[in-house]
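Observations on the model geometry
Single-letter residue listing:
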Amino acid sequence: MGFLVKLGILVLVVAVCQAYQDIWDYDGHKLKDTDYLSLWPMPQKVQTSVTAFKLSSSNFQIVHAKQSSAGPGCSLLQTAFRRYFDYIFGYMKKQGFSKEPKKTVGEEVLELQVLITSSDSECDGYPGLKSDESYLLSVDQPSAVLQAPTVWGALRGLETFSQLVYEDAYGSRNINKTAISDFPRFAHRGVLLDTSRHYLPLKVILANLEAMAMNKFNVFHWHIVDDPSFPYVSRTFPDLSQKGAYHPYTHVYTPSDVKMVIEFARMRGIRVIPEFDTPGHTQSWGKSQKDLLTPCYSGATPSGSYGPVNPMLNSTYDFMASFFKEISSVFPDAYVHLGGDEVDFSCWKSNPDITKFMAEQGFGKDYSKLESYYIQRLLDIVSTTNKGYMIWQEVFDNGVKLKQDALITVWKGRQYQEELAKVTGAGYRALLSANWYLNDIAYGQDWKRIYSVEPHNFNGTDEQKKLVIGGEACLWGEYVDATNITPRLWPRASAVSERLWSDASVKDVNKAYVRLVQHRCRMVERGIAAEPLFVGYCPHEYKGNL
Amino acid sequence: MLLCCLCKSRESVLNKQHIWLFFFIAVNTVSVNGIWPMPQKISSSIERYCVKPQSFEFQYTNLSVVKPGCSVLDAAFKRYFKLIFPDLLKDPGERQSGYDRPLVKPFTLQVGVSEGDCDGYPSESSRESYRLSVASGQAVLRAETVWGALRGLESFSQLVYQDGYGAHYINKTEIEDFPRFAFRGLLLDTSRHYLPVNVILETLDAMSYTKLNVFHWHIVDDPSFPYQSKFFPDLSNKGAFHPMTHVYTQTDVRRVIEHARLRGIRVVPEFDSPGHTQSWGKGQPDLLTPCYRGPVPSGTFGPVNPTLRSSYTFMAKLFKEVTSVFPDSFLHLGGDEVDFTCWKSNPDVRSFMKQKGFGTDFYKLEALYVENIVNITSALNRTSIVWQDVFDYHEKIPKDAVVEIWKGLPPAYAQELSSITKAGHRALLSAPWYINHIRYGQDWRDSYMVKPLNFSGTEEQKKLVIGGEVCMWGEYVDATNLSPRLWPRACAAAERLWSDEEQTLSTDAALPRLTDFRCRLLRRGIRAEPLDVGYCPHEFQGV
């Protein structure tokens, strides 16, 4: 522990003197950008030195520290150890294992000890909004030590450790003497994938969870159903996907698929928050669920088309109650996203029964009151399932009464700063996804724009700023499916990940570029088809799926 | 009529209800015009025939001048069998079982070629026309050349569709088809990012699916020189991103050329000079012009040095090699975006200018350089393609040089087409098809609405427009994202260059066909991105 104390002092000294994005060695020399290695997202505090140690695939091991509250029984860590070992030695392994006796050439890191300090390692739990993801990492020979209160921090630290390892000109693995103290700036760092506009095969989702872990994202916001299709197979209402999916067998997520996604995500410290958006965006629900949607009228007769969920029928709420009961048991996360965006009132307006209902309720001509009426009843239903909820900003804008723990997602680009000020001013917690709609593409290096978005850049008190608990990179599915999702998301989403993880002072685009280029090549080497940032090359190019 | 052509299901003989269901599908959902690009003339009926992998055969007609043993068509039959019956990719053993063989009348595709051979290369004068007639039990494909036969095989393969039960059908159809333009190209840039050979080969496959016939290989440029030269190995040893892993060996190049040839695709390499040559300078000392800061060399280099005899000796030797490696009669010489600042800074270049009486007109210097290079390639029996800059800034370029237009919006490129053809040059259009430029939404519609002959000029002038090219410059593109960025967006230009313009004026009418075609590309393993919300029965299975 003595080393860590000394390290702590050094950390303090350096932290006081320097902005974090500059890296200094132990003797106070500033290192060049290329000496940074290629940490992404940038940790909160880093000391590194030019002293390099070797790592050999036949000698090196990742092990549980003696005092750790987690041990070989912790399958989450065991699996992570193997995963990161593979990342570190991936290319060498293919050339076969060396059977030579263990020989140490020069100074070598022989092991990474992982020490979980809390009495409950949370090994078998699920990550949550309050999970502690902090960690301390010290790399020295013969042992490196990764210390974290819980497995969630250990996972982040393992990623960082693997990023510190680099290949020298002879192909051997090296790591420099380094000390890192790290924690996320925001607790909620999400990626939204839309599996309704295009179905994404399971392995595409898993590959993107893998890439999320490489970028320290911790929330998979699964926009699982929407107007075009309903791929979620419900146990309670199997007809929803039977009739509402693009295809009832090839384009659905069965209960075991969903389970696999959740477990795969858990193993990487990623929460899965499903979104079941209502009352709009529900065309696919209506294909099987009779009377759920509002029949639209043209003049005095039904037109045959349907609008948002019918808010005036009790059957609607009975359905929602059983449906969300199922959802709350299938998805372990404490939050569920209830949508609530872009409700089109024209169908409600056309329907004489709704008109009558509006009059009865005294809503006048204000259809946002009708929407609020629906949402209010839905929120009451969801509250009984003991889940917290996320909603899109319209629900707040329309003045629906929300529980204090509601999370409001700000997505409208133009006035997002005012919206953040309003939401937090009302005492609610906010998530930012405006300006991070990565489906919106442009020629050139648009990651720079994405990178420069600052969630705290709005008028508000410190208390208000604290209510911004994170953000999400959203990849809506109009023009995205398995063919192009990965290069469209990565490394552009990496820009969001650094903004949400690293200190606010880490914002120099040119410095970020140097690291991001290397981080992108690392993702490519790990099999993620992350697209190039600009002209250049990676030592190990993407091999495709041949 | 329908009854006789139903495929027998293995499990059961279909009842009447099913037959009517099939009838319904045939009439309502199967688009018999689903060929991309749209053939010049096509008529089809709802009468359809079953084709089964167990009893499907390709045959050469008796009158065909090419026979079994024809390298191009034998390979194409093998390829198209798998493309017509994609399920067999997973289960190739089915054919051997012979389960239904005695029960089913074979379906044969008779292929007849009336002239030419199978061992040549496609060229600018290759005739790609074909006639295809699909009737009961057999189809007949007639073409003048094997290249036309390849186009017809592609159309045939696109006529075959599967019903909901997996059975394959083809409707009674008559097609008479030929390309509107002879030169239908696609440019890949392997200098800004290296593209592994398998990525190039896959792109050639997809090109053949959409009847593109020229691979314009922008093989070297400023950032890297991946072409491994026999005479000048240092060019790639020092100029490639990596001398071993990021190069194209002679074997690689031959493989690309042969893969292309078997698909009726020409390979036109571009060795762009005098600008865009930074990577050349690394392995070839004295080739580039040293730039000066005041009276001293700054250490940086500019375009090829046009004042030295050694530059031309080098270029002559390099192009001699290039023409021995690349068989096509066209050679792209580049000539775009030459920056004069370095030349201006160099005292030797200035005194050369004075000596030649060029004054301060550096265009004259560039013209001198280009003239010398064109003479070199003419002596090697090659037709030069140059970027429009060369035409815009110089008087003297040989009449047979092809000028490629890459700049400007429709009014500007129409004007350029007009003046290039007026000067008697053949023209290629790529200005509206720089599809490395991306934006949100269905931008293929812009590519589709291009009218290449919509400029003022005589009939003779219009004939000088020999085609166009889709360009995928490499600043932001490598193996990770090339395919979805190319496909199906490049298909829009492919149809514009092949099909009759009058029949293909509406993007809304094209959308359903293109959506089908995109799913077909997916089925064939091409990572073609979606056009809009929706799905394909067989989604892309990679990650």
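Residues numbered from 1 in each chain as written. Chains lettered and ligands numbered in written order. Predicted model: local features only at pLDDT ≥ 70, side-chain atom pairs only at ≥ 80, totals over all residues. Heavy atoms only, no water.

**Concerning the sheet that holds strand β15 (residues 407-410) of chain A**
Residues and elements named next belong to chain A.
- Spatially, eight strands are ordered β8-β9-β10-β13-β14-β15-β16-β17 in a closed barrel, and the strand pairing comes out parallel. With direction set aside, neighbouring strand axes in the sheet form an average angle of 30°.
- Against the sheet, helix α8 (residues 314-330) engages β10 (271-278) and β13 (335-339), with an angle of about 165° to β10. (Pairing = 2+ DSSP bridges. Helix = DSSP H or I, 4+ residues; strand = E, 2+ residues; numbered from the N terminus. Axes fitted to C-alpha atoms, helices over the stretch in contact; angles between N-to-C directions. Contact = heavy atoms within 4.5 Å.)

**Looking at the packing of aromatic side chains**
All names here are of chain A.
- Taken as a whole and judged by the stated rule, the model has 74 aromatic pairs over all chains.
- With centroids separated by 5.9 Å and ring planes inclined at 40°, the aromatic side chains of tyrosine 317 and tyrosine 374 adopt a geometry described as tilted. One end of the pair, tyrosine 317, is in helix α8; the other, tyrosine 374, is in helix α11 (residues 367-384), and 57 residues separate them in sequence. For the pair formed by tyrosine 317 and tyrosine 374, the shared burial category is buried. (Phe/Tyr/Trp six-rings, centres within 6.5 Å; stacked < 30°, edge-to-face > 60°. Buried < 20%, exposed > 50% of the residue type's maximum accessible area, 1.4 Å probe, protein only.)

**Overview of the UniProt feature "active site" (unreviewed entry) in chain B**
Residues and elements named next belong to chain B.
- When the UniProt feature table is mapped onto this chain numbering, "active site" (unreviewed entry) sits at Glu337.
- Within the secondary structure, glutamate 337 is located in the loop between β13 (330-334) and α11 (341-345).
- When sequence neighbours within four positions are dropped, the list of residues in contact with glutamate 337 reads His276, Asp389 and Trp406.
- Of note is the side chain of glutamate 337, whose polar atom sits 2.8 Å from the side chain of histidine 276. (UniProt positions renumbered as here; feature names shortened; annotations may be inferred. Polar contact = N/O pair within 3.5 Å; in protein donor to acceptor, adjacent residues only side chain to side chain.)

**Some details on the pairing of strand β3 (residues 107-113) of chain B**
Residue and element names in this part refer to chain B.
- Of all seven residues in β3, seven are buried, a share of seventy percent or more.
- Judged by which residues are buried, β3 turns out to be covered on both faces: Phe107, Leu109, Val111 and Val113 on one side and Thr108, Gln110 and Gly112 on the other are all buried.
- In terms of strand pairing, strand β2 (residues 56-60) meets β3 through five bridges, oriented parallel. When the sheet's bridge partners are listed, phenylalanine 56 is paired in β3 with phenylalanine 107.

**Thoughts on helix α13 (residues 416-425) of chain A**
- If you check which residues of α13 of chain A are buried, you get Tyr416, Glu419, Leu420, Ala421, Val423 and Thr424 of chain A.
- Count one or two residues on from α13 of chain A and you reach glycine 427 of chain A, which has phi positive near 90°.

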